[in-house]
Structure formats: C-alpha cells, structure tokens
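# Structural description and commentary
This is what each chain is made of:
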Amino acid sequence: MVSYKAPLDDIRFCLYDLLGYDDRVTTLPGCEEATRDVVDAILEEGARFCENELLPLNQSGDSEGCHFDKGVVRTPKGFKEAYAAYRVAGWTGLAADPTYGGQGLPKTLEFLVQELICSTNMSFGMYPGLSHGAYNALETWGSDDLKARTLPHLADGRWAGTMCLTEPHCGTDLGLIHTRAEPLESQRYAITGQKIFISAGEHDLTENILHLVLARLPDAPSGTRGISLFLVPKFLLGESGDDLGQRNGVSCGSIEEKMGIKASSTCVMNFDGAEGYLVGEPHGGMKAMFTMMNAARLGVGIQGLGLAETAYQSAVAYARERRQGRSLAGPAEPQQKADPIIVHPDVRKNLMTMRALTEGSRALAIWVGMELDVAERHPDMARRQEADDFVALMTPVIKAFCTDHGFDAATRAQQIYGGHGYIKEQGIEQLVRDARITQIYEGTNGIQALDLVGRKLGQNMGRLLRRFFHPVHGFIEENQTDPALAIYVLPLAKAFSRLQQATAWVAQQGLRDPEEAGAAASDYLRLFAFVALAYVWARTAKLCLAKQEGDGGGFYRAKINTADFYMARILPESNALFQQIMAGKKPLMAMAADDF
Ligand SMILES: Cc1cc2nc3c(=O)[nH]c(=O)nc-3n(C[C@H](O)[C@H](O)[C@H](O)COP(=O)(O)OP(=O)(O)OC[C@H]3O[C@@H](n4cnc5c(N)ncnc54)[C@H](O)[C@@H]3O)c2cc1C
C-alpha cells in the first residue's frame, strides 16, 4: 500500500504565508465565516476522511473494478458506503450556494479537499467531481426552474452529474457531433445519439444521474457553432422537484475495460429519444459546456497534483527503508549491512524533482483557486475581471503541467521502488496507470497548449498575459538588488526574459503562419509553467529565509533547499525549451506524411 498523510503543513503554508488567504479570500462577501479556524478544521476533517475511508478502498477498487450487467453498473465493494458517508458529512455541497442547500464556502477550499481525495482515491473522486461540474454548468446557464429542481439534489449528493461530449468519431473535434435534439412541446426535446467514454455515466451511488449532453438542433449550423447543451436525467424530474419521475430513454450500453481508474465507470451511453431540456441558448452549447470544462480542467490538474503527492510520499518512505549499497561518501550507517537508498544521489534527484514540482504546482494551483473566488465574489468589478483573466490564462497551464508532472512523479516513484514498483503489491504501478488518463481527458495536454498559445495569449491584446507577467516583473524589480536573493531572482529573471522573447516570437510567427504557433505550443506551455514555478519558488525562498529563525521542525530549511534545487537543477531546462521553440516548425513539418 502507498504511504500518505495529507500535507496540511504545506497547504497551510501556501494559503496563509505565501498567498495571503486572509486578505484575499476571507475579506470577500460571503466568505467572512471561512476563517483560518474554519478552514483548518475542514482540512483536518477532510484529511481524516480521505486517509481513513478512501485510501483503504483504492487498491481494492482497482483490483475489483466496476461491474456491468444488463445496463446496471455496480461500483466496487465499499464505494457505496464511502459515498454515503461522504454525502452525510456534507462534502458534496462544500462550495455550493446556500440557496440550494450548499455550505457556500470558498472554491479555494473545494480545491484543497479535491487534492486530498485524488491523492487517496482518484477513481472515487471522479463521481463527485463530475457532479460539481454539472452543478456549475446548471447554476450558470440553467433556467430558474431547472436550477430549483436540480441544484439542491446535486448539492446534497443525492443525485450525480455527467458530462457527455465524446462520440465514437469525435473527441477533440466536437464540431463533428452527430447527437440530435428534436423539439417536443413544452420546451422539451427528444435526444438521440450515442456518447462514449462517459465517466460516471451509470453507477449505483446516487438515486438519479443528470447527464449534460451536447447535441444538434434541426436547424443547427455545422461545426461547433451549431451545438446546444441539454440536461437529460436518468429518471425524469418529478413534479414536486423532490420525487423521481419515470425512467428516461437513456441507458448504459457497456463499460470500458481500461488501463487505470478502474473503479470509475467509463460508459457507452445510448440516448434513444430521451427527454431533455435546453440549458443556455440554442446553439450556445459550447459556451455553456466551457463553464463545466474549465472547472473540470482545473480539477484534472488537481488530480495530477494529488497523485504526485502520494507518489512522492511513498517514494520517500521507501527510500528511507530500503537498503542497498553504500553511500558514495562512505557508509552512512556502518552498523548496518547496507545504507538506505536515500543516500544515493540518483535516488535523491528523483525525490527532489518530485518534491520541487509538487510543492511548486500546489502553490500555483492554490493561487488560481483563490482567484476563482475573487472572480466570483469581489465587490470591485475591475478586480473580478483581473482575477477571471488570470484563471483563464492559467487553466491550460494547471491542467497540462500538473498532469504531466503527476505521471512523471508516478514513474519516478516507480523507479525508486525498482522491481517492487512494477509489481502490483505496493500500489505504485496503480499510480502510474491512474495518472496516465489525466494527460488525455478534458482536452489532451496538446490541446491545452494550443488553447494557451492560440486563444489565451492574444486575447484582449495580451491582457490575460499581463495578469501573470506584471507580478513576476514587479517581484524581479523589487528584489534584484538583494544579494541574499540573487540565487533565486537572477535565474528567475533569465527564464522570464526567455519567456517574454518566446511569447513575442510565437505571437508574431503565429500571425504569419498558425503552424508555427502549433509547433511551439507544448514547449511554450512547459516553459510558461517553469517560469511560474520559478516565481513561486523565489517568493517562497524569500519568505522562508526571513522565517528561518525559530524553525523548529526544519520546515523552512527544507523549503529553502527545495527552492535551491529548483533553481539550479530544474529551471535550466527552460533554456532548452526556449531553443526548441525558436527552432520553429521546419524540423517538425519537413518530412512528408508518407515518409513516416
Ligand atoms: C477514462 C476516460 C474517461 C473519459 N471521460 C469522459 C467524459 O466524462 N465525458 C466525455 O465527453 N469524454 C470523456 N472522455 C473522452 C476524452 O475526453 C477524449 O478521449 C479526449 O478528449 C481525446 O479525444 P479522442 O480520444 O477522440 O482523441 P482524438 O480527438 O482522436 O485525438 C487523438 C490525438 O490527436 C491529437 N489532436 C486531435 N486534434 C488535434 C488538433 N486540432 N491539434 C493538435 N492535436 C490534435 C490529440 O491531442 C490526441 O493526441 C474520457 C476518456 C477516457 C479514456
């Protein structure tokens, strides 16, 4: 079994010391009650639940998987009970609107709890995760009547949600969708078509399932401009809003056998004239679905982060315990026959890389989480817009970078475990298998990079970009003459300058030839993330250097060591990425397709 304790000290450090939670979030209208005491208590409770209820089901859920029998899906043993306990404890409605029975707590808190869930049982987290997404889409785009009849059930977890986009012939290119919506009387529609790969499409955890389905109206223009969003419940919505109506014409045809997240059902869903209700405007489905997808993309980034944390903690525990060979500096524990493998530089390189990228990504993700709250609640509309811009800019970065890191961290842990990481017993190969999907779904990481380069960079004349560039520039200006910070600020300034040059180059070349932007996209996103983490680590180091005295547990010392490692051993990769970007499309595109 993997080793895991919720990293509450690091979360608190990010929230309170680094990112100023009290000034930024508790001061927002409606968040006054979410004080440190409340946040700490919720995190501790969340940690207990995840460590004690979800973690023990992770390996057994993976071994057993979901069961399919004539349209009925059963989750693995223990999942129903765990979900019931999760619901009763109020986790499903943590950040939901109190009007609909939610607790109205900040989104930041939901982010933090999501990390703990993904660290301990990513498959389990898929079910409430999809429901949150459905809640957000309905809250933003649903009619008052639909909201009143659905949101309370999603908030209290009696019902679940799904996101039905993918069809057999289209995943990335949703403009190709075939599913049809025929108008009936009384603002109802008959939905017909097949969706595949639908997470949580059918299961036994909730009384009802609300499918959010992309489909085409009869007069729809072709492509993504002709897609509308519909709510299709498994059981029709009863008159009173509380009772369930008849079974609707939607059914699960089969579930997929797959590489990882085996306890999460991945379903083929057949819609046979199923009754549905329009959500948002006709042909405005992509816009409405983006509400759900953006939240889901951040959620998937958090999945990567959560898995990386478990991989790191497990690898540290193993590296302390496993004895092989001697330290190159001479026996570290001469009384033993061999030293623990944590003495070996190569093992340490993996551990330090995992640690630096996980903690850096966490700080970045929490920063984005806080700005989500600011974007929704700040009394000053200009400040809201700023925050919204920042979240939009960072969403593809969090999704792609954190999930690439999640998979990388899982394979690094596997390397540290050696053969014991490859066999099933220790649970590490499950982390590798579970992590892989995060790079693929919710828009592959390649598509995230295109979103950053093709949409976000140029949006509003570079306004989104300035939300990130300005704070970085300000920090460098403010600290560049401080000799104690030189080992952080100088590398940050160099990498930032490369990012600025690459940005100008990509923008210019992209205007002239979109293939140039496409060829640069993935490397550009990674360079962007490395600079973002350098900024986070430079700020962290500054803070921790000032707090070193009275550092009982060595927390700040470890942060400084990790910041040093990041600057010296990871950030230089930004130079290689810069060179790759500037090499342009030619080396990629020169070969004819037939020559492959
Ligand atoms: C376990 C699992 C759960 C899932 N859950 C859901 C769900 O709940 N709801 C749902 O609707 N879908 C779900 N999906 C589907 C998932 O979102 C898609 O698989 C994913 O978006 C990619 O689509 P695709 O598989 O059709 O690949 P394709 O779109 O065929 O892409 C294949 C490759 O081509 C690349 N590519 C495609 N177009 C471009 C382009 N324009 N530029 C550059 N590269 C391009 C992609 O990056 C990818 O590498 C799930 C899938 C899995 C496996």
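## Digging into the overall build of the protein chain
- Looking only at helices and strands, the protein chain has 19 helices and eleven strands in total.
- Its C-alpha atoms give the protein chain a radius of gyration of 24 Å, near enough to 25 Å, the size a compact globule of 596 residues would have.
- Considered along the principal axes of its C-alpha atoms, the protein chain spans approximately 80 × 60 × 60 Å.
- The buried share of the protein chain, reckoned over its 596 residues, is 58%.
- In the protein chain, the share of contacts with a sequence separation of at least 24, taken over all contacts with a separation of at least 6, comes to 73%.
- Within the structure as shown, the protein chain displays about 24400 Å² of accessible surface, and the carbon and sulfur contribution to it stands at 52%.

## Side note on the environment of Asp451
- Summarising the element assignment, Asp451 is placed in helix 13 (residues 445-456).
- The spatial distance from the C-alpha of Asp451 to the C-alpha of Lys399 is 11 Å, given a sequence separation of 52 residues.
- For Asp451, the contacting residues outside a window of four places in its chain are Arg297, Pro396 and Lys456.
- Polar side-chain contacts of Asp451 include one of 2.8 Å to the side chain of Arg455.

## Some remarks on the packing of helix 6 (residues 107-141) against helix 8 (residues 285-321)
- Contact pair helix 6 / helix 8: the axes reach a minimum separation of 9 Å and the direction vectors enclose 170°. Between helix 6 and helix 8, the angle falls in the class roughly antiparallel.

## Structural notes on the site of the ligand
- Taken together, 18 residues lie near the ligand, and Met163, Thr166, Thr172, Phe197 and Thr444 sit nearest.
- With respect to the ligand, the side chain of Ser199 contributes an N or O atom lying 2.8 Å from a nitrogen atom.
- At a separation of 2.6 Å, an oxygen atom of the ligand approaches a polar side-chain atom of Thr444.
- Secondary structure elements with two or more residues in the shell around the ligand: strand 3 (159-164), strand 5 (189-199) and helix 13.
- The leading source of residues in the shell around the ligand is strand 5, at three residues.

## Notes on the pattern of salt bridges
- What the rule picks out here adds up to 41 salt bridges.
- Note that Lys70 and Asp69 form a salt bridge whose closest N and O atoms lie 3.8 Å from each other.
- Residue classification places Asp69 among the partly exposed residues on the basis of a relative accessible area of 48%.
- For Arg383, the salt bridge is made with Glu371, and the minimal N-O distance between the two is 3.0 Å. Taken together, the residues Arg383 in helix 10 (residues 381-417) and Glu371 in helix 9 (residues 345-377) connect sequence positions twelve residues apart.
- Take Glu371: its relative accessible area is 4%, and that puts it in the buried class.
- In this structure, a network of salt bridges that share partners links the residues Asp10, Glu115, Glu309, Arg355, Glu359, Arg362 and Lys559.

Parameters and conventions
Residues numbered from 1 in each chain as written. Predicted model: local features only at pLDDT ≥ 70, side-chain atom pairs only at ≥ 80, totals over all residues. Heavy atoms only, no water. Helix = DSSP H or I, 4+ residues; strand = E, 2+ residues; numbered from the N terminus. Rg over C-alpha atoms; globule rule 2.2 N^0.38 Å. Buried < 20%, exposed > 50% of the residue type's maximum accessible area, 1.4 Å probe, protein only. Contact = heavy atoms within 4.5 Å. Areas by Shrake-Rupley, 256 points an atom, 1.4 Å probe, with all protein chains shown as cover. Polar contact = N/O pair within 3.5 Å; in protein donor to acceptor, adjacent residues only side chain to side chain. Axes fitted to C-alpha atoms, helices over the stretch in contact; angles between N-to-C directions. Parallel < 35°, antiparallel > 145°, perpendicular 65-115°, else oblique. Near = heavy atom within 4 Å. Salt bridge = Lys/Arg side-chain N within 4 Å of Asp/Glu carboxyl O.

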